[in-house]
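Tertiary structure, described
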Amino acid sequence: MPTKRFVILAASRTGSSHLREYLSRHEEVRCFGELLSNHSAVPEGVGRRKVEKATLLHDVAGLTRSDPIKALEQIYSRETKKPIVGFKMLSKHAPPVMACVLADNGVTKILLYRANALARYASLLASRETKTWNATPERPKLTFDPADFRKSTAGYVGFYRKTLATLNERRQPYFLIRNDELDSELRLEQLLFFLGAQGPTPPLEGSRVRSRGASDIAGRFANSGDVFDYLKENDLMHWAYEGDAFA
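Below: a short report on this structure. Note that this is a predicted model, so its numbers are computed, not measured.

Definitions and cut-offs
Residues numbered from 1 in each chain as written. Predicted model: local features only at pLDDT ≥ 70, side-chain atom pairs only at ≥ 80, totals over all residues. Heavy atoms only, no water. Buried < 20%, exposed > 50% of the residue type's maximum accessible area, 1.4 Å probe, protein only. Helix = DSSP H or I, 4+ residues; strand = E, 2+ residues; numbered from the N terminus. Pairing = 2+ DSSP bridges. Phe/Tyr/Trp six-rings, centres within 6.5 Å; stacked < 30°, edge-to-face > 60°.

What follows covers the pairing of strand E4 (residues 107-113). Burial analysis of E4 places 6 of its 7 residues in the buried class, which makes it a mostly covered element. Looking at chain direction, strand E1 (residues 4-10) and E4 are connected through 6 bridges and run parallel. Residue pairing across strands places leucine 9 opposite leucine 111, the latter belonging to E4. In this sheet, strand E5 (residues 174-178) lies alongside E4 in parallel orientation, the contact comprising 5 bridges. Bridged to lysine 109 within E5 is tyrosine 174.

Right, here's the structure in full:
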């Protein structure tokens, strides 16, 4: 069993895959991906890591409702070589397991969020349209729907409010990190220290695919005028662009 267990709690399109990959490059850390979502079977001929992930998914799938505590043990017992083991869990994944994670003082919590809700919404729409959840240079023109944006953002914000309230009520420590801090060596070093990782810090090079500098988020929508009107009416013009805090 690992000497340290952790979980990345995040909503979709916040950079959780990049954070997971970065942490797993540390010599003492292993971070699994989305083990509690609805995945289809992995076809033959894929790489070893995908087969390994498929096996783990199969092992925990039947336990997420019947025995969520055992499902967690299945995840954390997989890695035997690295002392710090975790996985990422998105907001809508396996509520019974989420409840166990939040109640377990032995699981260190990392909360990752994206401050710009419009940027996150645009990324979510683009992923649905292109049918890919990996980073891609393709950026289709999107349609801004105020009602859908409000609904999506309400659920997004609600997840973090509820999670933080639960952790604070139970006086559990957690590490809160923003999406735009994933390019900061200082913040990532602080995170690794929080996890108890020793040894050299992995380099940032190659850890991110999002280009640095400001990004025109409102311009990603075909009806950008409607976006600007909405942002002005709701005093949210700071969401029209997204950049890195440490650029």
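Before going further, it helps to examine the packing of aromatic side chains. Counted by the stated rule, this structure contains 13 aromatic pairs. The interplanar angle of 90° and the centroid separation of 6.4 Å between the aromatic rings of tyrosine 121 and phenylalanine 144 together place this pair among those described as edge-to-face. A residue pair is termed long-range when its members are at least 10 positions apart, and tyrosine 121 in helix H6 (residues 117-130) and phenylalanine 144 in the loop between H6 and helix H7 (146-169) qualify at 23 residues. Geometrically, the ring pair formed by phenylalanine 144 and phenylalanine 149 is tilted, given 5.5 Å between the ring centres and 50° between the ring planes. Phenylalanine 149 matches phenylalanine 144 in its accessibility class, with the two residues each being buried. Connected via pairs of aromatic rings, a cluster forms that spans Tyr121, Phe144, Phe149, Phe221, Tyr230 and Trp239.

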